[in-house]
Amino acid sequence: MAIYSAPFALHHNNLCLQNPPIIRLNLRSSSHHHHRFSTITKYVNFSKAKSTNQTISSSVQQDELMLTNIATVLHSMDLTNPDQCVQSYSLILRNCRKLHNLQLGSQIHGHMIVSGVELCEFLGSQLLEFYCKVGCIDNTRKLFDEMPERNVFSWTSVIGLYCELGDYNETINLFYLMIDEGVRPDHFVFPKVFKACAQLKNYQAGKDVYDYMMTIGFEGNNCVKRAFLDMFIKCGRMDIARRLFEQMNSNDIIMWNMMVSGYVLKRDFKRALRYVDQMRLKGVNPDRVTFNTILSGYAQEGQLKEAAKYFSELRGFGGLEPNIVSWTALITGNIQNGYPYKALNLFKKMVTKGLKPNSTTISSVLSTCTNLSLQKYGKEIQAYCIKSEELDSNIFVGNSLITFYSKSRNLNDTTRKHFNRLQQKDLVSWNSILSMSATKGSRDDVIKFLNDMELQGVSPDIITWNGIITGFTQYGDGKTALEFFTKTCHRGLSLNTTTISGALSACAQTKDLKFGKKIHNYVIKNQIETVSGVGSALIAMYSQCNNLESAFKVFNGLSRKDVTIYNTLISASGKIGFGVGAFDLLREMVLRKDLKPDSVTMISVLSVCSKLAALRQGKEIHVSIIRHGLESSNFVCNALIDMNRPSSLRLFPSSPRHHRCSKKVSIPDSPCHCLITATDKLCDSRFGCKLYDSYYRL
DNA sequence: CTAGGGTTAG
């Protein structure tokens, strides 16, 4: 029967039953595997922050013990007793599963074939479960398709594997195939299917499964209940989740927390907090997760005061110390809402308190270091990570470090060294190093890394190519960017708006109107969304190729125009010297009720003014800047100064930009403050005031 | 007959 065939070539001669040396071979090959395995385990356990060095070494001991057990059982097996064989193989396979050792398990599979044991329904499902748990989809599928009897265990294993791999559509498909085959689903399989629907945010699919469950009168346990509750929440149906949850009258803290998190996700803090009160009334005490859920919601929303309140409420109400999740939520909240230095201080405070940052914390903090160019601080963090085995081998940490080094100046070699010493590399790692190499203009490196990644079995995706294209354009090598764009097209990947706008920028840079037109045709033919990115890239391309007329044509042809589109055409008109056009566009924009000029608009128009020495219009625009509340932007101030430069130069023959100063002053909320900040920190108060006077005298 | 799993917080 086909099921007895090994799914791949096995070293049968190595698996001779009477020959003890084989087991040595098995052991050796497994301990060889061991290194790889232990890093995977560490990676998996990482987020749970459980694995200390101690548990790792004890798990190594446990593994050794299991291997020895396998060897013993294999040798003491009585091949004349089929029942005993089934028992033994079942035990061995369970251990192989725990060891997560594909090679060992495959050899056992071979052993089973050679021994001639009948691969009954039970043993078949055991073997299948093994292949599923090690994530070996090919062997799983082959075995599963050939199995004559597929019980609920086998179906659940395979469905679980597809769910684990993220193929949620197939997860749902298989569920219905199972039903069609007459197998009744149980409380092990429902959670997986609900999870698939939840991940897909496919309400209809989820409701169908739920309705089916009701039709067959299935009484779900807590796991099942949590799963479909989660599904309705993830699909945004709090109304249904709420109705079902209240019907359940449950005192399960996890379900309560799920409801709270559902409302927090919708930013409905009022309802979320009402649930916290209700759970207290029910005698279910809110735990750390409850508080962290609310804390993180407020932090993400930028309501940092409220977030801090719940941070302290943990202790006050809950009698709990904030844990790493609480701290990290607060830190990332500060980062994402424009307080990076506050975030760094929190990080320091956290470390001082003796809390150990984990990969999420480190990634957030490193991204701040990258954005603020805090080279020294970032390096300190790496030094910290190297000391910790878990952090050092963590792929998220590794990837944040690639970004950090590649955005730092003069650290190209450091980046490469760091990249080479990474134990694990994923697509993100390769994409980062490739994007960096392109940004630095190293065509050779890009080719080398592309080659290396393919050799290591990672194929570039559209993000890889986008990074390369925009990288070279940023570097100023539009020609090479277009060369890689052509390569991307040959790959047959579907291009997205980033690819198109990147390529159009490259055309603009090289003034390659012909290529640009070709891309424009592609955009029209494939009906690519022209809002924002692509639309403005087209306008910029045509105008930089000295074809302002086509730029206006594109602009007029756009069904929806946003601020960016207007800004691009205003700036393009200004650059070409078509000042009237720029002013008209601004007027048109102000008249539209759905659009508001932003600081970029103002900068573009002001640069037109300074180019045309149109001081009167410039002053009108200054009024408009104040009216729109944009005067606090440093960039706008710079543009205002630029506009007045000819006059300031007349008044101050020693150019303000070269003025050395000894004292820093700042007069908040005054134009003077803006001017001081803007002119490269011209910080002499006397000078600042003169500048201030001069501006208003104009 | 034996066997299997999952959820809320960054």
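Not measured: the values here are computed from a predicted model.

Any chance you could break down the packing of helix α30 (residues 533-544) against helix α31 (residues 548-557) for me, citing the residues and the numbers?
Running from N to C, α30 and α31 point in directions that differ by 165°, and their axes come no closer than 7 Å. Viewed along their axes, α30 and α31 adopt a mutual orientation that is roughly antiparallel. Along this stretch, α30 crosses α31, giving a crossing that reads as right-handed. For the pair α30 and α31, the contacting residues are G535, L538, I539, Y542 and S543 in the first and L548, S550, A551, V554 and F555 in the second. A class-by-class count of the residues in the contact of α30 with α31 yields seven nonpolar, three polar and no charged.

Mind laying out the nonpolar core, listing which residues take part and the relevant values?
Among the nonpolar cores identified, the biggest contains 116 residues, and Y89, M112, F175, F194, F232, M259 and I381 are the most heavily contacted of them. Discounting residues that sit within four places of it in the chain, F194 has contacts with G206, V209, Y210, M213, V224, A227, F228 and M231. If you look at the next biggest cluster of nonpolar residues, it comprises 68 residues, including I433, L434, V523 and L640.

A description of the pattern of salt bridges should follow, citing residues and the corresponding values.
For the structure on display, the rule yields 24 salt bridges. In this structure, the salt-bridge partner of K207 is D211, at a minimum N-O distance of 2.9 Å. With K207 and D211 both in helix α10 (residues 203-215) and four residues apart, the pair spans about one turn of that helix. Looking at D211, the relative accessible area reads 32%, which means it is partly exposed. Residue E529 is joined to R560 by a salt bridge in which the shortest nitrogen-to-oxygen separation is 3.6 Å. Pair noted here: E529 is in the loop between α29 (513-525) and α30 and R560 is in the loop between α31 and α32 (563-576), with a separation of 31 residues, a long-range link. Using a relative accessible area of 54% as the deciding quantity, one classes R560 as exposed. The network of salt bridges with common partners includes R141, D145 and E170.

So what about the protein's contact with DNA strand B? Which residues, and what values?
Residues in contact with DNA strand B amount to 39 residues; listed here are only the nearest, F153, C223, R226, I254 and N358. The protein-proximal atoms of DNA strand B, defined as those within 4 Å of the protein, are 34% sugar or phosphate. Take E129: an N or O atom from its side chain is 3.4 Å from a sugar or linking oxygen of DNA strand B. A distance of 3.5 Å separates a phosphate oxygen of DNA strand B from a polar side-chain atom of S296. For the surface near DNA strand B, a count of residues per class yields 10 nonpolar, 20 polar and nine charged.

Cut-offs and rules
Residues numbered from 1 in each chain as written. Chains lettered and ligands numbered in written order. Predicted model: local features only at pLDDT ≥ 70, side-chain atom pairs only at ≥ 80, totals over all residues. Heavy atoms only, no water. Axes fitted to C-alpha atoms, helices over the stretch in contact; angles between N-to-C directions. Helix = DSSP H or I, 4+ residues; strand = E, 2+ residues; numbered from the N terminus. Parallel < 35°, antiparallel > 145°, perpendicular 65-115°, else oblique. Left-handed = near helix turned anticlockwise from the far one by under 90°. Contact = heavy atoms within 4.5 Å. Nonpolar A, V, L, I, M, F, W, Y, C, P; charged D, E, K, R; others polar. Core = buried A, V, L, I, M, F, W, Y, C linked by side-chain atoms within 4.5 Å. Buried < 20%, exposed > 50% of the residue type's maximum accessible area, 1.4 Å probe, protein only. Salt bridge = Lys/Arg side-chain N within 4 Å of Asp/Glu carboxyl O. Near = heavy atom within 4 Å. Polar contact = N/O pair within 3.5 Å; in protein donor to acceptor, adjacent residues only side chain to side chain.

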